[in-house]
Amino acid sequence: MSPHEEPLDEEQFSQPLAGLLVADFLRVLAGPLTTMTLADLGARVIKVEHPDTGDDTRSWGPPYSATGATYFESVNRNKESITLDLSNPEDQAVARELALRADVLVENLKPGGMARYSLGYEDLKAENPRLVYASISGFGDKQGAERPGYDFIVQALGGLMSITGEAEGSPLKVGVALVDVLTSKDATSGILAALVARSRHGRGAHIKANLLSSLQGALANQGQAFLGAGVVPGRLGNVHPSIAPYQLLATKNAPIAVACGNNSQFGKLCAVLGVAHLAEDPRFSSNALRVKHRSELESLLENELKASTANEWQTRLSDAGVPVGQVLDIAGGIDFAETLGLEPTVDVVGDNGETVGRQLRHPLTWDPPLPRTAFAPPALGQHSQEVLAWLRSSPSDDQAKPSQEQN
């Protein structure tokens, strides 16, 4: 039997990163979300925090759950917390021992900050050549190294706010720290790619992610409109620059999102609304023409949509195969995902195994499935004693044996 034919241990397969040790020198969102993703996939993540304050987001509230700030809790489950003051030589030595045992180290100190404590990539790679080291910053480590990296500022400087909001209104940020989330996704994919490469040649790598590059890498068609055609996009509200109808349209009681990406879908929309002739109208017979005559089309469609409620149109248009959606709040969106069988949440449990809350789960679906429960985000320094005892033990011990068994 070849190695590829050996039977898989289902429990190990459901935690694909089991056995990997991740050292987390992170705070706020992009970095902690990266390491929480690795933890959700089975890695052991040890989060290093300052003894006095811990991660900044421990105090970012309201809102608060029964156990702490929901901001912190959203990106720190399945981790162990130890407290170290990196300005203290003894604590530096502990941090270095952790880094030398780690498979992955992720940090978001200001560029050059880790090197001040002899924890930079160049300080570690000779003794731990297999280390995958990921640095996350706001604006890179060159001329932007001294700029603080806050999502809101990057949305402004990177162009995202210039295309978000109503055409005649003020620029707006996205309603979640989207740039942090995008940067986390980029950092995670880079780490996983580096681990695959390490499995082939035995060497780690230094990966650098920054918020500005991740934002601009995600501008997609809007960025290419400028680079390829010299068009600088502006704010269009809920209207799409290249597709129509692809926007909110008014109904009898509430707006509804309609997205017709081709002529077939537009024809179905017109048929359901009782204006099938509009699909052949010379003003609307192609997408380019519909974009050109968007205002006229919007008025004609809304005249029909105002005869019924958003809920009624949701049913009728969905049944006809027209992409459509009511505007739900977050509670409604989670409920909707549940009706589709997507299981959008995961239970989090405390040390005693009792459920202490719910969180949005890791978005991928695996077969065999990922664990349906997770460990609650740790209290500040919750695992200091046991992690310190483990670090004082022989490096030949099972370095990634979790102190918490995953359910």
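Residues numbered from 1 in each chain as written. Predicted model: local features only at pLDDT ≥ 70, side-chain atom pairs only at ≥ 80, totals over all residues. Heavy atoms only, no water.

## Structural notes on helix α14 (residues 330-339)
Owing to its 3.6 residues per turn, the α-helix aligns residues three or four sequence positions apart on the same side.
Argument step 1. Where α14 begins, the capping side chain belongs to Asp 329, and its oxygen is found 3.3 Å from the backbone nitrogen of Ala 331.
Argument step 2. Where α14 ends, the next residue or the one after it, Gly 341, has phi of about 75°, a positive value. (Polar contact = N/O pair within 3.5 Å; in protein donor to acceptor, adjacent residues only side chain to side chain. Helix = DSSP H or I, 4+ residues; strand = E, 2+ residues; numbered from the N terminus.)

## A few points about a nonpolar patch on the surface
Argument step 1. Nonpolar side chains collect at one region of the surface, where Tyr 150, Phe 152, Ile 153 and Leu 157 lie side by side and expose about 410 Å² of accessible area between them.
Argument step 2. Positionally, Phe 152 belongs in helix α6 (residues 151-157).
Argument step 3. A residue is classified by how much of its surface remains accessible, and Phe 152, at 47% relative accessible area, is partly exposed. (Patch = residues over 30% accessible without salt bridge, like charges linked within 9 Å, V, L, I, M, F, W, Y side chains within 5 Å. Areas by Shrake-Rupley, 256 points an atom, 1.4 Å probe, with all protein chains shown as cover. Salt bridge = Lys/Arg side-chain N within 4 Å of Asp/Glu carboxyl O. Buried < 20%, exposed > 50% of the residue type's maximum accessible area, 1.4 Å probe, protein only.)

## Concerning the sheet that holds strand β2 (residues 44-49)
Argument step 1. Pairing is parallel in the open sheet, where six strands are placed in the order β3-β2-β1-β4-β5-β6. With one partner strand each, in any of the chains shown, β3 (79-83) and β6 (205-210) form the two edges of the open sheet. Sheet twist, expressed as the mean angle between neighbouring strand axes with direction ignored, is 20°.
Argument step 2. Direction of pairing for strand β4 (residues 104-107) relative to strand β5 (residues 132-137): parallel, over a ladder of four bridges. Opposite Val 104, over in β5, you have Val 132 as the bridge partner. (Pairing = 2+ DSSP bridges. Axes fitted to C-alpha atoms, helices over the stretch in contact; angles between N-to-C directions.)

## Some remarks on the nonpolar core
Argument step 1. Of all hydrophobic cores here, the largest spans 30 residues; its most connected members are Val 22, Leu 38, Val 104, Val 106, Val 132, Ile 136 and Ile 191.
Argument step 2. For this core, the elements supplying multiple residues, two or more each, are α2 (30-40), β4, β5, α7 (178-201), β6 and α8 (211-217).
Argument step 3. Here this core takes five residues from α7, the largest share from any one element.
Argument step 4. Non-local contacts of Ile 136, meaning those with residues more than four positions away in its chain, are made with Ala 30, Gly 31, Thr 34, Val 106, Glu 107, Asn 108, Leu 109, Thr 183, Ala 187, Ala 209 and Leu 211.
Argument step 5. Residues Ile 82, Ala 99, Leu 131 and Val 387 belong to the second largest nonpolar core, which totals 24 residues. (Core = buried A, V, L, I, M, F, W, Y, C linked by side-chain atoms within 4.5 Å. Contact = heavy atoms within 4.5 Å.)

## Here we look at the side chain of Glu 107
Argument step 1. Along the chain, Glu 107 falls in strand β4.
Argument step 2. Of the buried charged residues, Glu 107 lacks a salt bridge, with Arg 27 as the closest side chain of opposite charge at 7.0 Å.
Argument step 3. A polar atom in the side chain of Glu 107 sits 3.0 Å from the backbone nitrogen of Leu 109.
Argument step 4. Each residue touching Glu 107, except ones within four places of it in the same chain, is listed here: Phe 25, Leu 26, Met 114, Tyr 133, Ala 134, Ser 135 and Ile 136. (Lys, Arg positive; Asp, Glu negative; His and termini not counted.)

## Regarding the pairing of strand β1 (residues 21-25)
Argument step 1. Counting buried residues along β1, five of its five residues qualify, which places the element largely inside the surrounding structure.
Argument step 2. The side-chain alternation of β1 yields two buried faces, one formed by Leu 21, Ala 23 and Phe 25 and the other by Val 22 and Asp 24.
Argument step 3. The parallel pair β1 and β2 is bridged by α2, and the resulting crossover is right-handed.
Argument step 4. Sheet topology note: the β1/β4 ladder contains four bridges and is parallel. Looking at the pairing, Val 22 lines up with Val 104 of β4. (Right-handed = clockwise from strand over helix to strand, strands pointing away.)

## Some points on unusual backbone geometry
Argument step 1. Note that the residue after Gly 61, namely Pro 62, is joined by a cis bond; omega there is 5°.
Argument step 2. Note the cis peptide between Asp 367 and Pro 368, where omega equals 0°.
Argument step 3. With respect to the element layout, Pro 368 can be found in the loop between β11 (355-360) and β12 (373-375).
Argument step 4. For Glu 343, which is not glycine, the phi torsion reads 45° and is therefore positive.
Argument step 5. Looking at where Glu 343 falls in the secondary structure, it is placed in the loop between α14 and β10 (345-349).

## Side note on the sheet that holds β10
Two modes of strand pairing occur in sheets, parallel and antiparallel, and in both the strands are linked by backbone hydrogen bonds.
Argument step 1. Ordered by their spatial adjacency, three strands build an open sheet running β11-β10-β12, and the pairing between neighbours is mixed. Bordering the open sheet on either side are β11 and β12, each of which pairs with just one other strand. Across the sheet, the axes of successive neighbouring strands diverge by a mean angle of 40°, strand direction being ignored.
Argument step 2. Summarising the sheet, β10 and β12 pair through three bridges and their orientation is parallel. Considered in β12, the bridge of Val 349 is made with Phe 375.

The quantities given are spatial measurements derived from coordinates; they are silent on function.
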